[in-house]
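Spelled out, the chains give:
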Amino acid sequence: MKGWTGRMRGITLTHLPPPLTRFSVILTHFCSVSPQLCLLLLFAAYAVIANGQVECPKGFKRMNVTHCQDINECLLPGVCKNAECLNTKGSYRCTCKPGFMLDAARSHCVSDKAVSDHRDSCYRSVSSGMCSLPLANHITKQICCCSRVGKAWGNECDRCPLPGSDHFKEICPAGHGYTYSRSDVQISLRQLEQDELQSTGVTLEEQYSEFPSSQPSRHNNYPQTPQLAQYPEYPETPRVPQYPLTPQSGQETPRLEEDVEILMPPAVVTDSPPDHPDINKCATSPSICGRGKCVPAQSGYTCDCEPGFKLSALQNSCIDLNECEGDPCERKGRCINSYGSYTCQCHSGYSQVITQNRKFCQDINECSMPNKCQNGQCVNTEGSYTCECNAGFAKSWRGLCEDIDECRDPSSCPNGNCVNTLGSFQCQACGPGFRPIGGRCVDVNECLNQTICGRGRCVSREGSYMCNCFQGYTLSPDNVCQDVDECVLPGVCLHGHCTNLDGTHKCTCNLGYQVSSDRKSCEDLNECASGTACQAGICINTPGSYICQKCGPGFGPSVDGLRCEDIDECAQGDLCYKGLCANAEGSFFCTQCQAGYRVSEDRQRCEDIDECQSLSTCSNGICLNSEGSYTCENCPAGYRVSFDGELCQDIDECALPTTCPQGKCTNTDGSFKCVTCQPGFTVSDDEQECEDVDECSEGNLCPGQLCVNTPGFYTCRSCRAGFQLSEDSHTCEDIDECQAPGVCLGGVCINTEGSFSCMSCDLGFSIAPNGLSCEDVNECEDASLCLGGQCTNTIGSYSCSCPSGLELVDGTSCRDINECLTMAGICVGGSCLNTKGSYRCMCPDGFTPTDGRPGCQDVDECSRDDVCIRGECVNSDGSFLCLCEAGFKFNTDSADCEDQDECQEFGSSVCGTWSCKNTIGSYSCIMPCQPGMLSRDCGE
């Protein structure tokens, strides 16, 4: 160190910096007592002193030129996530909360749900609660659901949690593609500890073998260490070793150069009575020393204590040796004494090393670990390390080499834009709308030119500007606000004429419209609001106009519908009948009615005058008023109305040709009478006519014929059809046709006047359309008769004929005959199968139906060319026999004779001890070769 010199024993301080002169007395005292305490004060309190300034170690911050203060990292955000933070001098420790554990990188605590050893099926597809497409191997739920491969896991088909959910964060705290497992954490810890122990020569297994049991015990004569804490503690930053500042009383100051083992001769216990020097305490009480061996001595006994134990103050037993009083951990860790041993809980940056003689803390070379000092060179220090950053990087307050933003220096890019890069920077030329100022490209404010946008407001943008045009203006392609010709836009000045103005427009409206208040549109004019429109009706406003509806009596809407005008009722032609019509405003009146009419009181019509009100009218009859006149009616018999209709005058009936046509007429007042009639006629009793004389009633004028009286005479004629002359020959009487034979055959005859009718025809007959006979009914027209057969109509009935194989049932339908049941001996040699109208014989194998006869006949298989080719075929009933030649046998599959392998079927019984060789249709025996025989005479 600069500014002082000294030796390990008897340190002398010279040339201390001015800020430290006040501590010189204290330093001199401690350096004379303990060189270690001297170094501790210099390193722990002030770290490195250079150029009169204190450079604080990591975990401390400089308060002034003489003092470094510890940084409380627990107050920093994001430190010790899911853990409890404990600040320490120069560092801090994180203790994971219950339910959390240290991750492999020792960077934070993760949920213990992120680690699982249970393996099961991982499914790549799940739908409607059903899992499918399982992976070949069983994996943990974390690997399945965190790897984007699995959709569900386990035999219960549990869906993987959705990314971003709390459950997903528990089992996948590192996100997609990363998983934690217990083995991963253990391997990471194991590799780290192997690296830490490389320089000690002690393996990991040896270190772990020193872990103690629950009871104090010896193991290979090495001291035991306590169990590890339940939740791991880990450092975030290197720590400054914590050492006591004052030595304990009676404690020997450890040496820095090397470890020295001080051997002291054991004391002798002399508690035996002086008068019994021969009593051997070790023999009578072998365990008197406890954790040691009792050794007899001349004056009593002494104890040879086990390692980790020492003689008690009374020198009569072995008690635990507190190794921590000698600081075996060399102030690089915390010494924890245990019964018969001790352990070192090393500070951050150190790891415990176990040798044959002792345990101590050794510096960890952090620079040998991966990912240390990125963007820099790692330099290992005692209990820690430091990073020497590469060019373009600087050490941050966290001790990491972070990129230097050179662009903060205005001189980096004086004529362009500075772009920072990792470990360096780049200079870029300013683009349009920017200008270089102090290494940066600064936006040019184009809006300082107030006329740049014209009729609009300028808005500056990064590297450009934008014009917000006023209403009535729009932005042109060259970024200038120009007038908008609203008159070319659709819907502008509807119902009027548009005139474009600078920044606006005005409207000149059509008839029925008026200009709006802003003069930019035409709106409808409500003509009905003036009260002068449609004075004789109801005004209804319409867009651009109005119409008149419901005009008053005598008025109607005009052709254009804009007013109610007078209706000329006289032009309709049906008013003022029998008079003249005169039109008036809203009405009309009648004048100059014709004779027999007069004007009504309302002057709306010409009404009839009732002349019958005068008693002198129609004095000899009844007066009947008529429209515009009257008539005399109901004159007495023999009278009639005169031509003028005003009186009843006598009728000269004799002047009429219909009066007394067969005689001579004499007129009387109001009547007449016939006086002389022609032959065949006679005057009636009332003398009003000449009536006919019925000559047929006077005698037998038409013998054998019918006498028919005629006006003034008579005639003789025959009777009409259905009648015959009566016995007196005076009348025609009805003929009873029902008495004639052959009338209404098959029915009942009913006689009628001049005719007859047939009723109640017999079954199979019906009444003819003229009703005079019963005609046959064609029953075959009924489709429900003779079902399945042929219908033949007969007189009064019908008959059914069924085809072969069917029989008639109830005379109305045909039913199938089951020949298999009714015909004896049918299908001999086979089975009978009934069919519609017939049957079929089902013959067994070897038989076929006979031609034209019911039954089955044998099939002659021997007549086939493919049967028994190599043998003699003998036909049999339903089958055949194939008589094979010697050396052949019958094959049922091929229905032929095939070669018989006698050598295989009969074995050694064929040739005995000779070799058998099969041939087609036979075999041959070959003698085995004997010594002296030629090979052609024997078999191989």
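Residue indices follow the written sequence of each chain, beginning from 1 at its first position. The model is predicted, so local features are restricted to residues of pLDDT at least 70 and side-chain atom pairs to those at 80 or more, both for listing and for counting; the totals for chains, interfaces and linings are taken over all residues. With hydrogens and water excluded, all non-hydrogen atoms of the structure serve as input to the side-chain values.

Looking now at the overall build of the protein chain. Secondary structure elements are taken from DSSP: a helix is a run of H or I of four residues or more, a strand is a run of E of two residues or more, and numbering for both begins at the N terminus. A tally of regular secondary structure across the protein chain gives ten helices and 77 strands. Only protein chains enter the area calculation, which uses a 1.4 Å probe; residues under 20% of their type maximum are buried, those over 50% are exposed, and those in between are partly exposed. Residues counted as buried form 30% of the 940 residues belonging to the protein chain. Contacts are assigned to residue pairs with any non-hydrogen atoms lying within 4.5 Å of each other. In the protein chain, once contacts between residues fewer than 6 apart in sequence are set aside, the share between residues at least 24 apart is 26%. The Shrake-Rupley method, run with a 1.4 Å probe sphere, supplies the accessible areas, and residue values consider only the shown protein chains as cover. For the protein chain, the accessible area works out to roughly 57800 Å², and carbon and sulfur atoms hold 52% of it.

For the rest of this paragraph, the subject is the state of the cysteines. Any two cysteine sulfur atoms lying within 2.5 Å of each other are counted as a disulfide. The tally for this structure, following the rule as stated, stands at 50 disulfides. At a sulfur-sulfur separation of 1.9 Å, the disulfide partner of Cys 329 is Cys 344. The S-S bond linking Cys 329 to Cys 344 shows a torsion near -95 degrees; that makes this disulfide left-handed. Remark: Cys 344 occurs in strand E21 (residues 341-346) and Cys 329 occurs in the loop between strand E19 (318-320) and strand E20 (333-338); sequence separation between them is 15 residues. Since its relative accessible area comes to 0%, Cys 329 is described here as buried. When its relative accessible area of 5% is taken as the criterion, Cys 344 is described as buried.

What follows covers the UniProt feature "domain: EGF-like" (unreviewed entry) in the protein chain. UniProt annotation of "domain: EGF-like" (unreviewed entry) refers to residues 70-110, 320-356, 363-402, 443-482, 483-523, 776-812, 816-857 and 858-898 when read in the numbering used here. Taken end to end, residues 320-356 is 0% helix and 49% strand, and its first and last C-alpha atoms sit 19 Å apart. Along residues 776-812, the helical share is 0% and the strand share 41%, with 19 Å between the first and last C-alpha atoms. UniProt positions are given in the numbering used here, feature names are shortened, and annotations may be inferred rather than shown by experiment.

The pairing criterion for strands is at least two bridges between them, as found by DSSP. Pairing within the open sheet is antiparallel, and its four strands lie in the order E11-E10-E13-E14. The two strands at the open ends of the sheet, each matched to only one other strand, are strand E11 (130-134) and strand E14 (158-159). As paired elements, strand E13 (residues 152-153) and E14 share two bridges and run antiparallel to each other. Bridging across to E14, Trp 153 finds its partner in Asp 158.

The next point concerns the nonpolar core. For our purposes a nonpolar core is just a set of buried Ala, Val, Leu, Ile, Met, Phe, Trp, Tyr and Cys residues, chained together by side-chain atoms within 4.5 Å. Counting ten residues, the largest nonpolar core consists of Cys 122, Ile 139, Cys 144, Cys 145, Cys 146, Trp 153, Cys 160, Phe 168, Ile 171 and Cys 172. Elements with a minimum of two residues in this core: helix H3 (141-146) and helix H4 (166-171). Among the elements that take part in this core, H3 stands out by supplying three residues, more than any other. Contact partners of Cys 144, with chain neighbours within four places excluded, come to Cys 122, Tyr 123, Ile 139, Val 149, Gly 150, Ala 152, Trp 153 and Cys 160. Formed by nine residues, the second largest nonpolar core is a distinct cluster that contains Cys 294, Tyr 301, Cys 305 and Leu 311.

On to the pairing of strand E48 (residues 622-626), then. Pairing between E48 and strand E49 (residues 629-633): five bridges, direction antiparallel. Across the sheet, the residue bridging to Cys 623 is Cys 632, located in E49. The turn joining E48 and E49, which pair antiparallel and follow one another in sequence, is formed by two residues; a positive phi near 80 degrees is taken by Gly 628.

Turning to unusual backbone geometry, a few remarks are in order. With phi around 50 degrees, Gln 592 is a residue other than glycine that occupies positive phi space. Relative to the helices and strands, Gln 592 is located in the loop between strand E45 (587-591) and strand E46 (597-599). The backbone of Cys 660 shows a phi angle near 50 degrees, a positive value even though the residue is not glycine. With respect to the helices, strands and loops of the structure, Cys 660 is situated in the loop between strand E51 (648-650) and strand E52 (663-668).

A few words on the environment of Gly 544. Within the secondary structure, Gly 544 is located in the loop between strand E40 (538-542) and strand E41 (545-549). Taking the C-alpha atoms as reference, Gly 544 lies 6.9 Å from Leu 511; in sequence the two are 33 residues apart. If sequence neighbours within four positions are ignored, Gly 544 has contacts with Leu 511, Gly 512, Tyr 513, Asp 524 and Glu 527.

With that settled, consider a nonpolar patch on the surface. On the surface, Val 748, Ile 750, Met 759 and Ile 767 cluster together to form a nonpolar patch covering roughly 320 Å² of accessible area. Tracing the backbone through its elements, the reader meets Ile 750 in strand E60 (residues 748-752). Like-charged residues are merged into a patch within 9 Å and nonpolar side chains (Val, Leu, Ile, Met, Phe, Trp, Tyr) within 5 Å, provided each residue has over 30% relative accessible area and no salt bridge. Salt bridges are defined as contacts in which a side-chain nitrogen from Lys or Arg sits within 4 Å of a carboxyl oxygen from Asp or Glu.

A few words on the pattern of salt bridges. Counting across every chain of the model gives 15 salt bridges. Arg 408 is the partner of Asp 405 in a salt bridge, and the nearest nitrogen-oxygen pair spans 3.8 Å. Residue classification places Asp 405 among the partly exposed positions, given a relative accessible area of 32%. Glu 565 is the partner of Arg 563 in a salt bridge, and the nearest nitrogen-oxygen pair spans 3.6 Å.

Once that is clear, we can look at a negative patch on the surface. There is a patch of like negative charges on the surface, built from Asp 685, Asp 686, Glu 687, Glu 689 and Glu 691. Within the element layout of this structure, Asp 686 appears in the loop between strand E54 (681-683) and strand E55 (690-692). Relative accessible area serves as the criterion here: at 49%, Asp 686 is assigned to the partly exposed category. When charges are counted, neither His nor the chain ends are considered; positive counts come from Lys and Arg and negative counts from Asp and Glu. In plain terms, the charge of a residue is placed at NZ if it is Lys, CZ if Arg, CG if Asp and CD if Glu.

Time to look at the side chain of Gln 352. Mapping Gln 352 onto the fold places it in strand E22 (residues 350-354). Among the residues examined, Gln 352 registers a relative accessible area of 12% and is labelled buried. Any N or O atom pair separated by 3.5 Å or less is treated as a polar contact, with the protein-specific requirement of one donor-capable and one acceptor-capable atom, and with residues adjacent in sequence counted only for side-chain atom pairs. Side chain to side chain, Gln 352 and Thr 343 meet in a polar contact 3.0 Å long. Reaching out from Gln 352, the side chain makes a polar contact with the backbone nitrogen of Cys 344 at a distance of 2.7 Å.

Turning our attention to the packing of aromatic side chains. For Phe, Tyr and Trp, where Trp contributes only its six-membered ring, two rings pair if their centres lie within 6.5 Å, and the inter-plane angle classes them as stacked under 30 degrees, edge-to-face over 60, or tilted in between. According to the stated counting rule, one finds two aromatic pairs in the structure shown. Here Phe 309 and Tyr 339 contribute two aromatic rings whose centre-to-centre distance is 5.1 Å and whose plane-to-plane angle is 75 degrees, an arrangement assigned as edge-to-face. A residue pair is termed long-range when its members are at least 10 positions apart, and Phe 309 in strand E18 (residues 309-311) and Tyr 339 in the loop between E20 and E21 qualify at 30 residues. Since its relative accessible area comes to 46%, Tyr 339 is described here as partly exposed. Measuring from ring centre to ring centre gives 6.3 Å for Phe 880 and Phe 890, while their planes differ by 80 degrees; the resulting arrangement is edge-to-face. Residue Phe 880 is located in strand E73 (residues 879-884), and its partner Phe 890 is located in strand E74 (residues 888-891); the two are separated by ten residues in the primary sequence. When its relative accessible area of 19% is taken as the criterion, Phe 880 is described as buried. Relative accessible area serves as the criterion here: at 34%, Phe 890 is assigned to the partly exposed category. Here, a charge over a ring means that NZ of Lys or CZ of Arg falls within 6 Å of the ring centre while also lying within 35 degrees of the ring normal. Taking the ring centre of Tyr 385 as reference, the NZ or CZ of Lys 58 above it sits at 5.8 Å. Here the guanidinium or amino end of Lys 359 rests over the ring plane of Tyr 342, the centre of that ring lying 5.8 Å away.

Summarising the element assignment, Ile 767 is placed in strand E62 (residues 765-767). Judged by its relative accessible area of 39%, Ile 767 falls in the partly exposed class. Considered as a pair, Ile 767 and Gly 747 are 20 residues apart in the sequence and their alpha carbons are 8.4 Å apart. Not counting residues up to four positions away in its chain, the partners in contact with Ile 767 are Cys 758, Met 759, Cys 761, Ser 773 and Glu 775.

Turning our eyes to something else, we now look at the pairing of strand E5 (residues 83-88). Pairing analysis gives six bridges linking E5 to strand E6 (residues 91-96), with the strands arranged antiparallel. Across the sheet, Cys 85 pairs through a bridge with Cys 94, a residue of E6. Counted along the chain from E5 to the antiparallel partner E6, the turn is two residues long, and its residue Gly 90 has a positive phi close to 80 degrees.

Right, let's get into the environment of Met 927. Along the chain, the position of Met 927 falls in the segment after strand E77 (922-926). The partly exposed category is assigned to Met 927, whose relative accessible area is 24%. For the pair Met 927 and Thr 913, spaced 14 residues apart in the sequence, the C-alpha separation amounts to 8.0 Å.

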